[in-house]
Amino acid sequence: VTGDVSLTAYFEYIGVVVNISSGQGGSATVRNTRTGQSGTSVSGIVGDTFVFSGTPSTGYSKAYVQLNGSSNQIAYGSNYTIGASGTYNFTGYFTPNTYTISVSKGSGEFDSYHSGGTYSYGTYVELWVNVNPHYNFLYWEDSNGNRISPTSSSGNTYKVTVQVLGNKSYTIHASPKVYTVSASASPSAGGSVSGGGEYTYGSECTLKATPKADYKF
């Protein structure tokens, strides 16, 4: 140094902040592989590599991570290196699982019914059944043995709404109606008729006519 001199030291900011929020169906976190820091807001410097983790809720699976404002999808568990300083906001996405609802006929006769299908977790499905007019609808029975009564009906159509929480099968049940068979003799002095009474639909009824003396059937 041979005289007074003024010098300025310049610095370049290389700080990085990575934030991650979670969409419906789970929780996401991020970890700085260099420092080991993890959470929903993690700091670092340019050149650091970050890894995203996701924990899906019941009925959901991990989908992808996305930098807000970008269309690029980042797989959970893959490395993501930051090339410039600043704050980066990501969102972790999850997707609902799909499950099968199946419906089959049990006891009774049915003109038509909702046979089920494939649905996303958490959705609501309306089951319906058109019962043969000669039958009384009883209930749906699920694969756990629970009996489910209809919540609405119109004519011979019965409905209920169920929530999809996993694969499940339902069996529909109905019982035959009871009808009265009345039989009488004419004239009443000519004899007697037996066999009348109450019978379920489709069953056989045997009537017996017994004439009195001086009469024939």
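For the structure itself, look to the data block above.
Residues numbered from 1 in each chain as written. Predicted model: local features only at pLDDT ≥ 70, side-chain atom pairs only at ≥ 80, totals over all residues. Heavy atoms only, no water.

Caption draft 1: How the structure looks around the overall build of the protein. Helices and strands together make up the secondary structure of the protein, namely zero helices and 22 strands. Over its C-alpha trace the protein gives a radius of gyration of 37 Å, far above what one expects of a compact globule, namely 17 Å for 217 residues. Overall size of the protein, expressed as C-alpha extent along the three principal axes, is 155 × 25 × 20 Å. By the burial criterion, 28% of the 217 residues in the protein qualify as buried. Residue pairs at least 24 apart in sequence account for 56% of intrachain contacts in the protein once pairs closer than 6 positions are excluded. Element-wise, carbon and sulfur atoms account for 47% of the exposed surface of the protein, whose accessible area totals about 13200 Å². The protein carries 11 positive and 11 negative side-chain charges, and their two centres are separated by 11 Å. (Helix = DSSP H or I, 4+ residues; strand = E, 2+ residues; numbered from the N terminus. Rg over C-alpha atoms; globule rule 2.2 N^0.38 Å. Buried < 20%, exposed > 50% of the residue type's maximum accessible area, 1.4 Å probe, protein only. Contact = heavy atoms within 4.5 Å. Areas by Shrake-Rupley, 256 points an atom, 1.4 Å probe, with all protein chains shown as cover. Lys, Arg positive; Asp, Glu negative; His and termini not counted. Charge placed at Lys NZ, Arg CZ, Asp CG, Glu CD.)

Caption draft 2: Quick peek at the environment of valine 164. Relative to the helices and strands, valine 164 resides in the loop between β17 (157-163) and β18 (168-176). Separated by 40 residues in sequence, valine 164 and tyrosine 124 have C-alpha atoms that sit 6.1 Å apart. Non-local contacts of valine 164, meaning those with residues more than four positions away in its chain, are made with Tyr99, Ile101, Tyr119, Ser120, Tyr121, Gly122, Thr123 and Val125.

Caption draft 3: Just the packing of aromatic side chains, in detail. Evaluated as defined, the whole model comprises ten aromatic pairs. Seen from their ring centres, tyrosine 60 and tyrosine 121 are 5.8 Å apart, and the 70° between their planes marks the pair as edge-to-face. Residue tyrosine 60 is found in strand β6 (residues 60-67), and its partner tyrosine 121 is found in the loop between β12 (116-120) and β13 (124-131); the two are separated by 61 residues along the sequence. For tyrosine 60, a relative accessible area of 16% translates into the label buried. A relative accessible area of 19% means that tyrosine 121 is categorised as buried. Ring centres of tyrosine 135 and tyrosine 201 lie 5.8 Å apart, and the angle between their planes is 75°; this geometry places the pair in the edge-to-face category. Remark: tyrosine 201 occurs in the loop between β21 (197-200) and β22 (208-211) and tyrosine 135 occurs in strand β14 (residues 135-142); sequence separation between them is 66 residues. Tyrosine 135 sits in the buried class, given a relative accessible area of 12%. Put simply, the rings of Phe52, Tyr80 and Phe90 touch in pairs and so form one group of aromatic residues. (Phe/Tyr/Trp six-rings, centres within 6.5 Å; stacked < 30°, edge-to-face > 60°.)

Caption draft 4: The arrangement of the side chain of histidine 114 in detail. Relative to the helices and strands, histidine 114 resides in the loop between β11 (110-113) and β12. Only 3.5 Å separates the side chain of histidine 114 from the side chain of tyrosine 119, close enough to count as a polar contact. The residues contacting histidine 114, other than those within four sequence positions of it, are Val103, Tyr119, Val125, Glu126, Leu127 and Trp128. (Polar contact = N/O pair within 3.5 Å; in protein donor to acceptor, adjacent residues only side chain to side chain.)

Caption draft 5: Seen up close, the nonpolar core. In terms of nonpolar packing, the biggest core is built from 37 residues, with Phe52, Phe90, Leu127 and Trp140 touching the most fellow members. For this core, the leading source of residues is β13, giving four residues. In this structure phenylalanine 90 touches Val18, Asn19, Ile20, Ser21, Phe52, Val65, Gln66, Leu67, Asn68, Ile74 and Tyr80, once residues within four positions along its chain are discounted. (Core = buried A, V, L, I, M, F, W, Y, C linked by side-chain atoms within 4.5 Å.)

Caption draft 6: Structural context of the sheet that holds β14. Taking strand neighbours across the sheet as the criterion, the five strands line up as β12-β10-β18-β14-β15 in an open arrangement whose pairing is mixed. Of all strands in the sheet, those bounded by a partner on one side alone are β12 and β15 (147-148). Looking at chain direction, β14 and β15 are connected through two bridges and run antiparallel. For glutamate 141, the partnering residue across the bridge sits in β15 and is arginine 147. (Pairing = 2+ DSSP bridges.)

Caption draft 7: Examining the sheet that holds strand β8 (residues 79-81) more closely. Strand order in the open sheet formed by four strands is β3-β2-β5-β8, with antiparallel pairing between adjacent strands. What marks the edges here is a single partner per strand, and that holds for β3 (38-39) and β8. Inspection of the sheet shows strand β2 (residues 26-32) paired to strand β5 (residues 49-56) by seven bridges, in the antiparallel sense. Paired with arginine 31 across the bridge in β5 is valine 51.

These results come straight from atomic positions and should not be treated as a statement about function.
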